[in-house]
Amino acid sequence: MTLILQHADVLVTMDAQRREIADGALVANGPAIEWVGPTAELPEQYRRLIDDGSAEVIDMRGHVVTPGLVNTHHHMYQSLTRAVPAAQDAELFGWLTNLYMIWAHLTPEMIRVSTQTAMAELMLSGCTTTSDHLYLYPNGSRLDDSIEAAQQIGMRFHAARGSMSVGRSQGGLPPDVVVETEPAILRDSQRLVEQYHDASRHAMLRVVLAPCSPFSVSRDLMRESAVMARHYGVSLHTHLAENDNDIAYSREKFGMTPAQYAEDLGWVGHDVWHAHCVKLDEEGVALFARTGTGVAHCPCSNMRLASGIAPIRRMRDAGVPVGLGVDGSASNDGAHMLGEARQAMLLQRVGFGPAAMSAREALEIATLGGARVLNRDDIGALAPGMSADIVAFDMSGVGFAGAGHDPVAALVFCTPANVSTSIINGRPVVRDGVLLTADLPNVLADHRRLARMLFEGAQQAGV
């Protein structure tokens, strides 16, 4: 059925002209948008569909409508280990060390339920497309568990097959119990790409190859993953240059900066994006700009772990593709994409002055920026031919009181709101602030049970 949104107070297109349409309307048919413009200019063919009741019509009076937000970095299983006491006040390496052995007790059910919980949180915050970086697979867990959860809840998904192969006995950071052999990693990576990856326009599921980090995988695995990704035409993702210890590890182990390490292994290009890059140097920024290599900026996590302030202003000015990532819920403790956009704006201002990032630029990074980082040209904007991923925010709440003179900026400046409506691939998934595609109270009850089970199991094992 044709879907028509009309009478939006403002419809933010993020199209080539960055139009913001007052009293805006949009028509979607199936997975794609057919028409965008002022409600008064809605073509007669669509007016007839409204009159005869053959279109689904949503009145957007009092709302700002935007493209669905795009999350470029997450670890969804970590929603089971929010605010763990032993990891509350640590930097990256200490934080990981305190959590690895808890995560060693994850099960397939925990992966599925934590993925649905994380996706529900994202969807309610305005996110319609997400990546998830799952890099440990204990007790029979597989990336298939995350994929199944995403298909059930109806979220557009870039499933990143993460991996760790260098344990402590080989000089890596993770304990040996949570690493895999490299032949097994490559076999499973090939299986997942061949079984699930969809390269078509408006694809709901793509697979990404994602060895975890310089301190947990070998250079051989990085190279082999890049060769496989280019053979199959899929993207590559990893962590890079996250904090000072990360830089020191790269210099000590490889005699290179993280950016030099990435270039040496073939990990640059429009099909590659790196998470964090807080400590990316001038040479690295120039390299990423020259090659179109993307960055997933994770401001809340970077602050939580005291990693620093990523030079996003400098990256953007140089032409580096930048998107937003909420990162794992054990290093952010939240997964609110509109909140992440707000934090990105505020943190750049703290580091580089009040003009370092505007509200509209933060919103652009959260939409078009994320689409570019994920190497997609069919999401991130509301225009004919683009995917019908649309979100609407009700501006009548107390959090937006007094901000009616610029409601678009208010989305980022004011207290982050949840969506009232969300549409993914032309399908309504949130209506009147209620998630339609999952029984959220039951999902959360299962999640609480499994979080207790995970933590208690680790305690019984002496962790």
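Everything below is about the structure shown above.
Since this is a predicted model, take the numbers as computed values, not measurements. (Residues numbered from 1 in each chain as written. Predicted model: local features only at pLDDT ≥ 70, side-chain atom pairs only at ≥ 80, totals over all residues. Heavy atoms only, no water.)

## Let's talk about helix H3 (residues 108–124)
Between the first and last C-alpha of H3 there are 25 Å, a value that for 17 residues agrees with the 24 Å anticipated at 1.5 Å per step. Extensive coverage of H3 is indicated by the burial of 13 of its 17 residues. At the exit of H3 stands Gly-126, carrying a positive phi of roughly 105°. (Helix = DSSP H or I, 4+ residues; strand = E, 2+ residues; numbered from the N terminus. Expected span 1.5 Å × (residues − 1). Buried < 20%, exposed > 50% of the residue type's maximum accessible area, 1.4 Å probe, protein only.)

## Quick look at the packing of aromatic side chains
Summed over all chains, the structure comprises 8 aromatic pairs. With a centroid separation of 6.0 Å and an interplanar angle of 85°, the aromatic rings of Tyr-77 and Tyr-135 are classed as edge-to-face. One end of the pair, Tyr-77, is in the loop between strand S6 (69–71) and helix H2 (92–103); the other, Tyr-135, is in the loop between strand S7 (127–134) and helix H4 (143–153), and 58 residues separate them in sequence. With a centroid separation of 4.5 Å and an interplanar angle of 25°, the aromatic rings of Phe-254 and Tyr-261 are classed as stacked. Both residues of the pair, Phe-254 and Tyr-261, count as buried. The ring of Tyr-137 has Arg-161 sitting right over it, with the charged end atom 4.3 Å from the ring centre. (Phe/Tyr/Trp six-rings, centres within 6.5 Å; stacked < 30°, edge-to-face > 60°. Lys NZ or Arg CZ within 6 Å of the ring centre and 35° of its normal.)

## Focus on the packing of helix H5 (residues 182–196) against helix H6 (residues 219–232)
Where H5 meets H6, the closest approach of the two axes is 11 Å, and the angle between their N-to-C directions is 15°. Comparing their axes, H6 and H5 come out roughly parallel. Crossing of H5 against H6: the hand is right-handed. For the pair formed by H5 and H6, the contact residues are Glu-182, Ile-185, Leu-186, Ser-189, Gln-190, Val-193 and Glu-194 on the first element and Asp-220, Leu-221, Glu-224, Ser-225, Met-228 and Tyr-232 on the second. (Axes fitted to C-alpha atoms, helices over the stretch in contact; angles between N-to-C directions. Parallel < 35°, antiparallel > 145°, perpendicular 65-115°, else oblique. Left-handed = near helix turned anticlockwise from the far one by under 90°. Contact = heavy atoms within 4.5 Å.)

## A few points about a nonpolar patch on the surface
A grouping of Ile-309, Val-350 and Phe-352 is seen on the molecular surface, where their side chains present a nonpolar patch of about 280 Å² in accessible area. With respect to the secondary-structure elements, Ile-309 resides in the loop between helix H10 (299–304) and helix H11 (312–318). Overall, Ile-309 belongs to the partly exposed group, its relative accessible area being 31%. (Patch = residues over 30% accessible without salt bridge, like charges linked within 9 Å, V, L, I, M, F, W, Y side chains within 5 Å. Areas by Shrake-Rupley, 256 points an atom, 1.4 Å probe, with all protein chains shown as cover. Salt bridge = Lys/Arg side-chain N within 4 Å of Asp/Glu carboxyl O.)

## Some points on the environment of Thr-415
Within the secondary structure layout, Thr-415 lies in the loop between helix H14 (407–413) and strand S15 (421–424). The spacing of Thr-415 and Gly-399 is 16 residues in sequence and 5.8 Å in space, taken between C-alpha atoms.

## Focus: the pattern of salt bridges
As enumerated under the stated definition, the model contains 29 salt bridges in all. Where Asp-59 meets Arg-61, a salt bridge forms, and the shortest distance between an N and an O atom there is 2.2 Å. Accessibility expressed as a relative area gives 37% for Asp-59, which makes it partly exposed. Where Glu-282 meets Arg-314, a salt bridge forms, and the shortest distance between an N and an O atom there is 3.0 Å. With Glu-282 in helix H9 (residues 282–291) and Arg-314 in helix H11, this pair connects stretches of sequence that are 32 residues apart. Under the relative-accessibility criterion, Arg-314 is labelled partly exposed at 33%. One network of salt bridges, with partners in common, ties together Arg-18, Arg-313, Arg-316, Asp-317, Glu-361 and Glu-364.

## Comments concerning the pairing of strand S1 (residues 2–12)
Most of S1 is tucked away: 9 of the 11 residues are buried. Here S1 pairs with strand S4 (residues 55–59) via 5 bridges, running parallel. Within the sheet, the bridge partner assigned to Leu-5 lies in S4 and is Ile-58. Where S1 meets strand S5 (residues 63–67), 2 bridges bridge the pair, whose relative direction is parallel. Paired with Val-10 across the bridge in S5 is Val-64. (Pairing = 2+ DSSP bridges.)

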